[in-house]
Each structure stands twice: as C-alpha cells, then as structure tokens.
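Fold and contact review
Read off the chains here:
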Amino acid sequence: MQVLSLIRSRFADVLATWIDDPALLSATLERIVPSRETHLADYQANVAMPLQKKLGKPPLAIAEELVAGVKLSDICSSVTIAGQGYVNLRLSPEWLSDRLSEALSDPDRLAVSLAATPKTYVVDFSSPNVAKPMHVGHVRSTVIGDAINKILRFLGHRVHSDNHLGDWGTQFGMIIYGYKHFRNQEAFDQAPVAELGRLYRLIQQTISYQDTVANVPKLEANIIKAEQKANDSKQKAADAPKDKKLAKEATSAHQQWLDLQQQRLQALAAIESASHDADLLERSKTHPELGQRVLRETSKLHEGDSENIKLWEAFLPSCKAEIHNVYRRLNVQFDFEYGESYYHDLLPMVVEDLLARSMAVQSDGAICVFLDGYEAPMIVRKQDGAFLYATTDIATAVFREREFAPDVSLYVVDHRQSEHFQKLFDVLRKIGLTHTDLKHVSFGTVLGDDGKPFKTRSGTIVGLESLLDEAVERAMQVVCDPERLNRSGTDFSEEDRKNIAETVGIGAIKYADLSHNRTSNYVFDMNKMVLMEGNTAAYIQYSYARTRSIIRKALAEGIAQADLGARKLALVEGPELALGLQLLRFEDMLSQSMSDYLPNMVTEYLFETAKLFSSFYEQCPVLKADSPDVVLARLRLTELTGLTLKKGLELLGIGTVERM
RNA sequence: GGGCUCAUAGCUCAGUUGGAUAGAGCAACGGAUUUCUAAUCCGUAGGUCGUAGGUUCGAACCCUACUGGGCCUGCCA
C-alpha cells in the first residue's frame, strides 16, 4: 500500500492550484512525510513555512487554507495545525484497519504493488576473485547486492544479477606458477582448492618478501631526501616565525621523515622475522623476481598458451565449486556468472575502438584514456600488451547493453574503487551508453576492533567459512542453553537445533552488515553480533517465532486459519494502532530504501516493527483478551506482523524459524 | 601536491536527504516472570552533533575555512 503517494496526491489537488512550477510542486509534495513526532501525528506536511515567500502570506494562514481545501476525511481522523505551520495528520483507525485487512488477504505480497513502470536493472555484486579464499570483505558486496537484487524484484522490476567473477587475473598466474614449481601432488589430488589456496599464499608471501627487501634501499634514499627537506622547512619556518603556513609545512615535512623511518623499521622487522623461515629464504633465492615470473604466467595464459589454458581449465571448476558452497550457505543466487574470462576475446576490439575514436592514446608504452578532472589516466592496455580490469569493465558494460539494454546498472563494489567507476562511467557515456543510469553502489570498509581493516591478530585475513562456522557455533550455544530451554519449555530435536543455529548464526552476520549505512565503514565485532540481543537479526527472528507461537496455540484451540485472513482488524488500543501504522508503511519503506539502495532502512524498519510488536505483546494479551472479537482482531494483527517480519527478512536474504 | 570520504552519548551506530524537545543498541543503574517463548518488557542516567563563520522562517544535514582520521592518486582488481 502506497500511503505516502496517496496522501501527497490529495495535497497535490490543492497545491497545484497555487504553484505553477512543476519542480517546485514536486519538491513541496516531498515535504509531506511520516511524522517523527509520533505523539503528535502519523504523517505531517511541512509545506506552509517554505511557501510563505512564494505566496506572500504567513505560514499559519497558508496552513489554514490548506486544511480547509484538502480532502482527507476518508483517510484521516484528524487534520490539525501545530507549531509554526505544520499540518498534522492522524489516520483514522477504520481506514488503517481496512488497509491492513487488504494486506492480510494477500499473504504473498502483503498488498505491495508492482512497479507501475518496471525498469530493467543489472546488479553486479559479490564478484570475488576465485582461487583466493573468500574473506569478510566479500560479505558486504554479496549481502548488500543480494538484498538490493531481491527487493527490486519484489517491487516488480526486471533484474539481472551478475557475479562478475575474477577468474582471469594475476592470481591465476600465481597459482599456475605455484602449481608448476611448488605443488604437493598428493594434497592437490585430495583437496585441490585447499592446495591451491596454500600455493596462493606461498607465492603471495614470497613476492611480498622480495618487494620488502627491494624497497629498503629506496626507503633509505627517500629518508635522506626527507631529512633534508625537513631541515630546510624547519630553517625556513625559523626565519619567518610568524608564517603559519611555513610552520605547518615544517611539521608535515618532519612527520613525513618520521613516517619513512618508521616504514624502514617495519620493513627491517619483517625481513628479520622472515630470516627464521628457511623455506621462504630458499624460495626467494631460487625464484628471484617472482612477481615478474607470475605476470609472465598470466600473460601466457592470456595469449592462449596451451599448458596454462589447460591448467586454468583444470583449476576453475573446483574453485567455483568452493565459492558456490559459500553462496549456498548464504542463500545467494545469481542469474549469470560470466566472469572476466568471458570477455577476453572482446578486449582488443575495445582498445581499437577507443583508439579509432581518438579517445585513447599511447603514453609511456601503454594505451591510456585521459579524462578531464583526473591526473591519472585510465589505462586500457599495459606496456607488455596485457589488458586490465578497466578494459574488461568496458567490454562487460557494452555486452550488458546489447544483451539486456538496462535502464539502471548497479555496481556493488568497495568505495575505494569510486574513482575507477567515475572514470569508467565517463568513458562509457562517451562511447554512447547514454540511456543507462550507471551507478556505483559503494560501501565502506569492514574494520577490526582496532579500527583497521579486519584481520586476525597474526595479521592474516580471516576466512569467510570459519567466520560463518563461528557464528553458527555461538548461536548453537544459545540454542542449547539449558536454563533458557527450561524456561521456554521448548524441546528441540538435534535437527531443529542445527537448523535454528544455522539460521540465526548466518542471519547475525548478514544483519550486522546490512544494518549499517552501506557508505560508512563499520567495525566488525563477533562478540557483539552473537550476543543476539538488541538490534540483531535474532531479535527479529525471535519476534517472528513469537507470532508463530501465538498462531499455533490459536489453531490448536480451534480457531480456523481462514479466520486469520481477509477480515476486519478493528484496532483500538495504542500499541495496536502503533504496530498497525508501522505495518502499513511496509511498501513506502521498501521504495524509499531503493531510492538510494540503502538496505539499512529495511533493517531499521524491521527492528522498529519487532519492538512495536514486543510492546504490543506485553500490553495486549491476544488469546486471553476480553472478547472473542478482540482475540480475532489481535490474532490477525499478530499474523500480519509475522508475515511482514518474515517477508522483510526474506528480502534481506535472512531466514526465519517457527520456533527458537 | 591533487581528489574522494568521514567526525553525533563511555563503546558501536541510526538520523526518512533542511523540519517541532537529536535517536537506538551495548555497557551502567533501578524495576517487571502463578499470565500467549525473559533471545523479552518498563524506567533512570548519559550530547556544545570536531571547531569557527555563513546561507534561511528553521541546520547534525547545504556553503566556506580550519583541525583530525581513512581511502585513492599510471601499468593489481
């Protein structure tokens, strides 16, 4: 039910006679919103104050004319003026009850309408590099993208979800090189992905060590320069003691000098700790310039070298299978999974096309597109002839345009790539992809409790699988807590327990991610997450289970399922009305959350709904209410609450259980 | 150097895109269970929304400057 647009259209009937400018009219209508002051109003129109200049009247007079003109008597029980000119609306309980009855008679969609003008979306999300173990950083793109995908579909749009797998990049050069030189055949035969993961880390570690060693002389040279600069600036600042800018420069130069020294010490410490690792030293010695060797393997793969292609084809299925295990567990599906490799044959044409349009030029041996407003160009072909992700991204967008002709193309990717996407979109528009709304749905970094990107104490990245396992394990502890089981009088089978723990544990991880505004960084704290109290998935899942518990008892007491739907609700008490009003807002909330692709608006809504239900639950007995009519009305409200919570969680990719 | 971004309660975060007395969870404190699941509820305390200006009927939100953090800044994705 689109309540907001209905109310706005009533106001538009009056406002349109006052305002000619359509832009101003629609801006004015957007000032009609759900009220924050719930003790004063359900909805409020903040339109009188901004119109005082335009109409040349005091706001209170405008508000009075508005209230006199607008037709709301069927919807509202009261329309009043307050403060400097706020128009406060209170919905009539009858109208509210009727709308909720409609939702109840449509349990699949809860009377949420399908988009009047459906759009075609491409949603690009998750997109991990295969052959690298997935870690917590991959959760955000996967979970946010999946929620957006599911919500847009529910709202009636055509959505193509694409997992743009990194299946063609440098990491394959790494594991191919590793496989050729360091593999443990027995381990590979038994568990190929684990062995490839080991090889990946082995190569990574060696390259990083070599880079560190090679970097020390450069650092030392820079330290000397920085020291000189620091001294010079200090001198200049001392010569002109009143110049604040020079003083600031001096501190900054000094700081840079200190930073470089610190970096050198860190590098030396890393080298020192590596010196105890005989295998590493040996590897580094026998495979000098490993980074270059790895790149060579990658370019051989791209050039079609038969041995490397064969290895790639051998590795890919098991790598994909591994990733799909995670998706299965997270209940995430994609329509397509073409991956970068799919576009490889198109890349030379992309570059030729850019050259033909004179958009790309040679520079330092690479082929680059220079764009206004950016220092660095977008490189589409490297010196050595290899293509980059920018090239692939262009090819991918062109392909999607031809295949789907999307109205909107969403890229759910880390905010660190925002400049890349700005450049990419700039190029895409220049080559004619103008009718697609290209949007980087960026998200912040997941941090550890030290405020730095999430890692364990030893510094290695935490694998996603083990993270999920831990959350499920912690959920299991709560499920099996004997005191709790005794109190709630529930008796779960082993299978029930497993199911509940999995649903609650995975839900906890997803919810923690989704409940933050996607644009901000957030601190990942397993301890808080698995408390399963307060603003968590478990709280909402628990509220849902309580609605089910009441419904089960009602059915057991002989109330027919048919009595629960499609009948009048007749809400009277405060907690009933507050909950009912909240349930009425489901559709408005969903569209609102998709106007800027913010799933946290959905979690916020569900949490609020669950709280209102808990409050209702405490204050309004359902089965033991005074009269059979009230019992039925409250049962229906309980049923609709359950349906709404379940649907909301489902749209976020979070499951529910009937008992917990 | 340039660009992007962030700064809100002790901690972790919301804040419906400029509306009324700035909210929630956790932690702290005090209450509630013969009553539909206490993974719950009710209450208390906690804030100069980084600083200083500006814009306007009205600013946590927009603009400018400053302070401090993060990220990006030509051949990884």
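Read on for an overview of the structure. Everything numeric here is computed off the predicted structure, so don't read it as measured data. (Residues numbered from 1 in each chain as written. Chains lettered and ligands numbered in written order. Predicted model: local features only at pLDDT ≥ 70, side-chain atom pairs only at ≥ 80, totals over all residues. Heavy atoms only, no water.)

1. Observations regarding the nonpolar core
What counts here: Only buried residues count toward a nonpolar core. Its members are Ala, Val, Leu, Ile, Met, Phe, Trp, Tyr and Cys residues joined through side-chain atoms within 4.5 Å. Think of it in three bands: with a 1.4 Å probe and only protein chains considered, a residue is buried below 20% of the maximum accessible area for its type, exposed above 50%, and partly exposed in between. Should any heavy atoms of two residues lie within 4.5 Å, those residues are considered in contact.
The biggest cluster of nonpolar side chains holds 157 residues, and the ones touching the most others in it are Phe11, Phe315 and Phe524. Setting aside residues no more than four positions away along its own chain, Phe315 makes contact with Phe172, Ile175, Ile176, Tyr179, Phe188 and Leu196. Of all hydrophobic cores here, the second largest spans 27 residues; its members include Tyr343, Leu347, Leu433 and Leu438.

2. A few points about the sheet that holds strand 2 (residues 43-45)
Basically, it comes down to this: The criterion for strand pairing is that DSSP finds at least two bridges linking the strands in question. Note on conventions: DSSP H or I runs of at least 4 residues are helices, E runs of at least 2 residues are strands, and numbering of each starts at the N terminus. To get an axis, a line is fitted to the C-alpha atoms, and for a helix only the part in contact is used. The angle between two axes follows their N-to-C directions and goes from 0 to 180 degrees.
Strand order in the open sheet formed by four strands is 1-2-4-3, and the pairing between neighbours is antiparallel. The open sheet has two edge strands, strand 1 (32-34) and strand 3 (76-82), and neither has a second partner. Each strand of the sheet is rotated relative to its neighbour by a mean of 20°, with strand direction disregarded. Pairing of strand 1 with strand 2, which is carried by three bridges, proceeds in the antiparallel orientation. Each bridged residue has a counterpart across the sheet, and for Pro34 the counterpart in strand 2 is Tyr43. Strand contacts of helix 4 (residues 59-69): strand 3 and strand 4 (86-91), with the helix running at about 165° to strand 3, the strand carrying the most contacts.

3. Describing the sheet that holds strand 7 (residues 360-363)
Reading across the sheet, the three strands line up as 7-8-9 and stay open at both edges, with antiparallel pairing between neighbours. Each having just a single partner strand, strand 7 and strand 9 (378-381) make up the two edges of the open sheet. Going across the sheet, the axis of each strand differs from the next one's by a mean of 40°, ignoring polarity. Sheet analysis places strand 7 next to strand 8 (residues 366-369), joined by four bridges and oriented antiparallel. Within strand 8, the residue paired with Ser363 across the bridge is Ala366.

4. Here's the deal with the protein's contact with RNA strand B
Our working rule: Here a residue is near a molecule or strand as soon as one of its heavy atoms is found within 4 Å of it. N or O atoms within 3.5 Å of each other form a polar contact, as long as, within protein, one can give a hydrogen and the other can take it, and as long as residues adjacent in sequence are counted only when both atoms are side-chain atoms. Put simply, Ala, Val, Leu, Ile, Met, Phe, Trp, Tyr, Cys and Pro go in the nonpolar bin, Asp, Glu, Lys and Arg in the charged bin, and everything else, Gly too, in the polar bin.
The local shell around RNA strand B holds 72 residues, among which Arg36, Glu375, Lys382, Tyr542 and Ser549 are the closest. Counting only atoms of RNA strand B within 4 Å of the protein, the sugar-phosphate share comes to 59%. Between Gln44 and RNA strand B, the recorded distance is 2.7 Å, taken from a side-chain N or O atom to a base nitrogen. Leu623 is positioned with one of its backbone polar atoms (N or O) 3.1 Å from a base oxygen of RNA strand B. Looking at the surface near RNA strand B, the elements with two or more residues in it are helix 3 (52-55), strand 4, strand 8, helix 17 (464-479), helix 18 (482-488), strand 13 (522-523), helix 21 (537-556) and helix 24 (600-619). Its residues placed into classes, the surface near RNA strand B shows 28 nonpolar, 21 polar and 23 charged.

Any link to function would need more than the numbers given here.
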